Amino acid sequence: MRYETIRELSIPKIGFGTWRIGGEGRPDTSQEARSLAALHSALELGYTHFDTAEAYAAGHAEELLGQAVRESGRGRETLFITSKVSPEHLGYAEVLRACENSLHRLGMDYLDLYLIHWPRLGMNLADTFQALNKLVADGMVRHLGVSNFNLKLLKQAAACSETALLTNQVSYSLPDRTYEKNGVLAYCQQNDILLTAYSPVKRRFISGNRQLKELAKQLGVTPQQVALAWLVRQPRVITIPMSFDPQHQAENLAAAELDFSEAELAPFQQIQE
Ligand SMILES: NC(=O)c1ccc[n+]([C@@H]2O[C@H](COP(=O)([O-])OP(=O)(O)OC[C@H]3O[C@@H](n4cnc5c(N)ncnc54)[C@H](OP(=O)(O)O)[C@@H]3O)[C@@H](O)[C@H]2O)c1
């Protein structure tokens, strides 16, 4: 596995997302066995960074992730667990309560990374960051970050937080260059902040674009692997693909090791939706 090293922390270039684990907006019991199997295979394959949120399956994704980790026998210190506070829980007391609830559902006593999931109009960033920094001071959270923050909000958040922000988690992929175009990627790279790319392979464009398929074939990999290799080659960029399929999980993990040259990846730079 390739790692990104930032402020003495080494974090895998490719982690595992948990959106749709245990359901979508609410728990879905029909997804229970499939979800636990996906988490177990991800743990067995060697994923160590797991990204979840209180919003995923209304907390059930956190419960299943905690259960899978306990059943795997993996030591907590070998894993890097990210969770997120929902926009409706921003505010001092609400953030403290939301974190406590996430830890309870996970059955863990700390989070490696805690993010504001989405900004909310009129949110009180100062109060929210006061609570987030208290969580760090109290040892319940190791690192702080945000998600879906544009450049203006990211700068405001960075100015509010006593603890340096570790990441801004945003949608970023070959076909979706919004956060490259709006200056967030460059700001992160210049200010030692990770850009965690979510939805890195989901778009139909990646499986359906003829040119992308052809170029991937020439390199002997899948279009999804090219899309991931293109991301993780970039400084300060990590990503968190999700898959229920053990073969896809293995291919995604292996994509971190693909070491294509700039010349080999150059044609992909031009491919956009
Ligand atoms: N912060 C936010 O607001 C936010 C928003 C969205 C997502 N996220 C996080 O980011 C994670 C990833 O994003 P995502 O789940 O939206 O999208 P994604 O990981 O880009 O795509 C998931 C989809 O791609 C398929 N897939 C994955 N690997 C594949 C491969 N190697 N070959 C073919 N198909 C493959 C999966 O199907 P199979 O199961 O069949 O493989 C699944 O349908 C989420 O799980 C979540 O943790 C965060």
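Before any of the text, the structure's been laid out above.
For clarity, every value in this text was computed on a predicted model and none was experimentally measured.

Draft legend 1. Structural context of the nonpolar core. In terms of nonpolar packing, the biggest core is built from 79 residues, with Phe 50, Tyr 114, Ile 116, Phe 149, Tyr 172 and Leu 195 touching the most fellow members. Element by element, the count of residues in this core is highest for helix α10 (residues 223-232), at seven residues. Excluding its chain neighbours within four sequence positions, the residues that come into contact with Leu 195 are Thr 167, Asn 168, Val 170, Tyr 172, Tyr 179, Val 184, Leu 185, Arg 236, Val 237 and Ile 238. Formed by nine residues, the second largest nonpolar core is a distinct cluster that contains Ile 6, Leu 115, Leu 166 and Leu 194.

Draft legend 2. View of the packing of α10 against helix α11 (residues 246-255). Running from N to C, α10 and α11 point in directions that differ by 35°, and their axes come no closer than 8 Å. Crossing of α10 against α11: the hand is right-handed. Residues Gln 225, Leu 228, Ala 229 and Val 232 of α10 touch α11, and the partners they reach there are Glu 251, Asn 252, Ala 254 and Ala 255. Of the residues assigned to the contact of α10 with α11, the class counts are five nonpolar, two polar and one charged.

Draft legend 3. Broad picture of the site of the ligand. Neighbouring the ligand are 27 residues; Asp 51, Val 201, Met 242, Ser 243 and His 248 lie closest to it. Thr 18 places a polar main-chain atom, nitrogen or oxygen, 3.2 Å from an oxygen atom of the ligand. In the model, an oxygen atom of the ligand is placed 2.9 Å from a nitrogen or oxygen of the Asn 148 side chain. For the ligand, whose accessible area on its own is 900 Å², the fraction buried by protein is 85%. Here the ligand is seated within the largest pocket. Residue contributions to the shell around the ligand peak at three residues, all from α11. Of the residues belonging to the shell around the ligand, the class tally is ten nonpolar, eleven polar and six charged.

Criteria and cut-off values
Residues numbered from 1 in each chain as written. Predicted model: local features only at pLDDT ≥ 70, side-chain atom pairs only at ≥ 80, totals over all residues. Heavy atoms only, no water. Core = buried A, V, L, I, M, F, W, Y, C linked by side-chain atoms within 4.5 Å. Buried < 20%, exposed > 50% of the residue type's maximum accessible area, 1.4 Å probe, protein only. Helix = DSSP H or I, 4+ residues; strand = E, 2+ residues; numbered from the N terminus. Contact = heavy atoms within 4.5 Å. Axes fitted to C-alpha atoms, helices over the stretch in contact; angles between N-to-C directions. Left-handed = near helix turned anticlockwise from the far one by under 90°. Nonpolar A, V, L, I, M, F, W, Y, C, P; charged D, E, K, R; others polar. Near = heavy atom within 4 Å. Polar contact = N/O pair within 3.5 Å; in protein donor to acceptor, adjacent residues only side chain to side chain. Areas by Shrake-Rupley, 256 points an atom, 1.4 Å probe, with all protein chains shown as cover. 1 Å grid on protein atoms, 1.4 Å probe; cavity = no way out; pocket = protein on both sides within 12 Å on 5 of 7 lines; lining within 4 Å. Sits in = over half its atoms within 2 Å of the grid points.

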